[in-house]
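Listed here are the chains, written in short residue letters.
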Amino acid sequence: MALNAQPALWPAPAASGAVDATVHVPGSKSVTNRALVLAALASEPGWLRRPLRSRDTLLMAGALRAMGVGIEETVSSSSSGAGGSGEAWRVLPTGLHGPATVDVGNAGTVMRFLPPVAALADGPIRFDGDPRSYERPLNGVIDALRLLGARIDDDGRGALPLTVHGGGALDGGPVAIDASSSSQFVSALLLSAPRFNQGVEVRHTGATLPSLPHIRMTVDMLRSVGAQVDTPESGGEPNVWRVTPGALLGRDLTIEPDLSNAQPFLAAALVTGGKVVVPDWPARTTQPGDQLRDIFTEMGGACELTEYGLVFTGSGAIHGIDVDLSEVGELTPGIAAVAALADSPSTLRGVAHLRLHETDRLAALTKEINELGGDVTETADGLHIRPRPLHGGVFHTYDDHRMATAGAIIGLAVEGVQIENVATTAKTLPDFPEMWTGMLGKN
Ligand SMILES: O=C(O)C1=C[C@@H](OP(=O)(O)O)[C@@H](O)[C@H](O)C1
Ligand SMILES: C=C(OP(=O)(O)O)C(=O)O
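These numbers come from a predicted model, not from an experiment.

Time to look at the domain arrangement of the protein. Many descriptions give the size of an interface as the accessible area lost when the pieces come together. When cut into domains, the protein gives domain 1 (9-25 + 257-439) and domain 2 (29-254). Here the C-alpha centroids of domain 1 and domain 2 sit 29 Å apart. With 18 residues of domain 1 at the interface, the matching set in domain 2 holds 22 residues.

Right, dumping it as structure tokens:
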């Protein structure tokens, strides 16, 4: 078997006692992929230190390279702050060129953030990806780009595959979109907007808007490279974001650990009544995973944020929770897994849009937990979870990294859980199986 290859059915290790581990979590997918886009659009070279190296970020880097951006991978000994030594990517924004072909895999950030970049290229950029990428909504980005002056060929479904006929520049200006199916529509338009001739004014017209912290992350990162952004929070109109045209600076940025990928490890402390330390947990961050400190505390844990990182301890008890997860949808699978092991029922709300994620996560969680003996029902916008004694069995992942890690959490407490295609964790955390067994002292 090749290095890192995993069997088709991975026996999720049961915990033999309380975990006690320090887990170094690799860089944030969302920060890495935004940093790559912003560096590619900058007017000078920049650095990403400790970038995430996973399928989604390598697809982003590969796509930008295909459009002519230089991305050099080095092992650096940086003196920049918390960066320390380690891997670094130097980005040389040498122009955006077509023709090129982009494989988006099933990365929401790649399929949504790059069509606006492609509109600035000087030739056609063809976008294609995994079968699931054809089903994920892209209409907000396609319709908006057309209104802003781009020429796009698609099959009329508002989804992949498509070709953006880059014209070397884009008018930009005001546009209204319904981003209720994905916050990434808004982020996508804002990220490239400093390079549009008139910048952009994005008005969200839908009834709901998921994943607001991810839009804040976009705004924060734009501002940190010199962009001027007006937001509802900075005194602007509700649901309206404005970006002024202007050059972007090249930055030297150290990527924060991925706090959503820290979730299964924190969950392990909760489920086993143990302790997990995550070094370099940022004191201030826009990552939605930071809300785990509150959510998992309510579910029975306790945390202390120190200069070294986050120290999270389980009490031995796991409580159910009634919570609106609309801001932190990507945490739902891990919370559902913990909730299935709790001492009281849970209601997870505000996450109807998860039906359009890597898989239909509400259906997948319901089916897989119930097949282990659980009692989960889907609601219009979430899940009801009534804990019951669970038994072993195959936990299917549907090519969804967060289904795989959710199954591993359940497997800690339930003997005989086998994860089908645990290798799908490579989307954002290629070393997950080794990190998991390492945490359990089983390497
Ligand atoms: O912008 C981002 O980096 C993300 C935004 C969210 O997408 P949705 O708003 O589509 O849920 C989140 O679920 C995804 O994992 C990452
Ligand atoms: C929804 C997710 O990813 P994507 O960026 O592909 O939307 C996720 O990572 O949970």
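Time to look at unusual backbone geometry. For the peptide bond that leads from Gly98 to Pro99, omega is 5 degrees, which places it in the cis range. Of note, Pro99 is situated in the loop between strand E5 (85-92) and strand E6 (100-103). A positive phi angle is found at Arg50, which is not glycine, with a value near 55 degrees. As for its placement among the helices and strands, Arg50 is situated in the loop between strand E3 (46-49) and helix H2 (55-66). The phi angle at Asn421 is positive, at roughly 60 degrees, despite the residue not being glycine. In this fold, Asn421 is placed in the loop between strand E23 (417-420) and helix H12 (432-439).

Here we take up the packing of helix H9 (residues 332-339) against helix H10 (residues 361-371). Where H9 meets H10, the axes come as close as 11 Å, and the angle between the chain directions of the two elements is 25 degrees. As far as their axial angle goes, H10 and H9 are roughly parallel. Relative to H10, H9 is oriented so that their crossing is right-handed. Touching Thr332, Pro333 and Ala336 of H9 are Arg361, Leu365 and Ile369, all from H10.

Rules used throughout
- Residues numbered from 1 in each chain as written.
- Chains lettered and ligands numbered in written order.
- Predicted model: local features only at pLDDT ≥ 70, side-chain atom pairs only at ≥ 80, totals over all residues.
- Domains from an automatic or database assignment.
- Contact = placed C-beta atoms within 7 Å.
- Helix = DSSP H or I, 4+ residues; strand = E, 2+ residues; numbered from the N terminus.
- Axes fitted to C-alpha atoms, helices over the stretch in contact; angles between N-to-C directions.
- Parallel < 35°, antiparallel > 145°, perpendicular 65-115°, else oblique.
- Left-handed = near helix turned anticlockwise from the far one by under 90°.

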